[in-house]
Amino acid sequence: MRSDTERRIFYTALYHASLQPNLFTDADGRYRGLDRRIHQAEDYTHYTVFSLWDTYRAAHPLYNIIEPERNRDFIRTFLSQYRQSGELPVWELAGNDTYCMIGYHSVSVIADAWAKGIRDFDAELALVAMIASAEQDIFCKKYYREYGFIPAEREAESVSKTLEYAYNDWCIAQMAQALGKQEVYETFIRRAQSYQNLFDP
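Residues numbered from 1 in each chain as written. Predicted model: local features only at pLDDT ≥ 70, side-chain atom pairs only at ≥ 80, totals over all residues. Heavy atoms only, no water.

## Examining the packing of aromatic side chains
Taken as a whole and assessed by the stated rule, the structure comprises 14 aromatic pairs. Aromatic pair Tyr-143 and Tyr-147: ring centres 6.1 Å apart, planes at 10 degrees, arrangement stacked. In this pair, Tyr-143 and Tyr-147 both sit in helix H7 (residues 141-147), four residues apart, roughly one turn of the helix. Each member of the aromatic cluster is reached from another via a ring pair, and the members are Tyr-47, Phe-50, Tyr-63, Phe-74 and Phe-78. Its guanidinium or amino end placed over the ring of Tyr-63, Arg-70 lies 5.8 Å from that ring's centre, counting from NZ or CZ. (Phe/Tyr/Trp six-rings, centres within 6.5 Å; stacked < 30°, edge-to-face > 60°. Helix = DSSP H or I, 4+ residues; strand = E, 2+ residues; numbered from the N terminus. Lys NZ or Arg CZ within 6 Å of the ring centre and 35° of its normal.)

## Some details on helix H4 (residues 68-85)
Counted at 1.5 Å a residue, the expected span for H4 with its 18 residues is 26 Å, and the 26 Å between its end C-alpha atoms agrees. Summarising burial for H4: 14 of the 18 residues are buried, a large majority. Just past H4, the residue Gly-86 takes up positive phi, approximately 85 degrees. (Expected span 1.5 Å × (residues − 1). Buried < 20%, exposed > 50% of the residue type's maximum accessible area, 1.4 Å probe, protein only.)

## Digging into the nonpolar core
Within soluble globular proteins, side chains that are nonpolar tend to cluster in buried spots. Membership of the largest hydrophobic core comes to 43 residues, with the highest contact counts inside it found for Leu-88, Ile-110, Phe-121, Met-130 and Met-175. Looking at this core, the elements that each hand over two or more residues are helix H3 (59-66), H4, helix H5 (106-115), helix H6 (123-135), helix H8 (158-178) and helix H9 (182-191). Not counting chain neighbours up to four residues away, the residues in contact with Ile-110 comprise Ile-75, Phe-78, Leu-88, Phe-121, Ala-126, Met-130 and Met-175. (Core = buried A, V, L, I, M, F, W, Y, C linked by side-chain atoms within 4.5 Å. Contact = heavy atoms within 4.5 Å.)

## Observations concerning the packing of H5 against H6
Running from N to C, H5 and H6 point in directions that differ by 150 degrees, and their axes come no closer than 10 Å. Taken together, H5 and H6 sit at an angle that is classed as roughly antiparallel. The crossing of H5 and H6 is left-handed. Within the contact between the two elements, H5 uses Val-107, Ile-110, Ala-111 and Trp-114 and H6 uses Ala-123, Ala-126 and Met-130. Here the contact of H5 with H6 is composed, by residue class, of seven nonpolar, no polar and no charged. (Axes fitted to C-alpha atoms, helices over the stretch in contact; angles between N-to-C directions. Parallel < 35°, antiparallel > 145°, perpendicular 65-115°, else oblique. Left-handed = near helix turned anticlockwise from the far one by under 90°. Nonpolar A, V, L, I, M, F, W, Y, C, P; charged D, E, K, R; others polar.)

Written out as structure tokens, the structure reads:
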């Protein structure tokens, strides 16, 4: 039997973990998209406040276990945002992407959900969106793809970004393999090894 103090700590932490993401639809299901237009959420609930660099490691894996339907709607929200902007969210807030953290960890949220059996979203579109986000020429992804690392003189946080992008590539590879896209898998699993370029033996 756990003590009252341990139970209080556990349930307080669980409450805090559930504060975001937040609903972003009006009562009729309408919301403002990343393209600044009004959209209608069909068959899902649209959310906001995706601080993904902060939440992809533990909060979203937790949601996959305790709130799989809600996490599925998070992914459906990501895919709507991709349709509106051409990329998956990095750090979305109130219909705007703030880009205030590194990596693009919506891909890990999607891959983890798929690995844990959450299937009720368009997986083919998700993979296309994951690849599109990886192939953009922003935040020195071009150097990462070209050299297998980001040169320090080209971008701040070069080591951290290289590691984040390598992990994101690994997530894309896992999703591609799960969907039987062997060529995509091979491309991204090879790129995922870029973390090794940072080690000096």
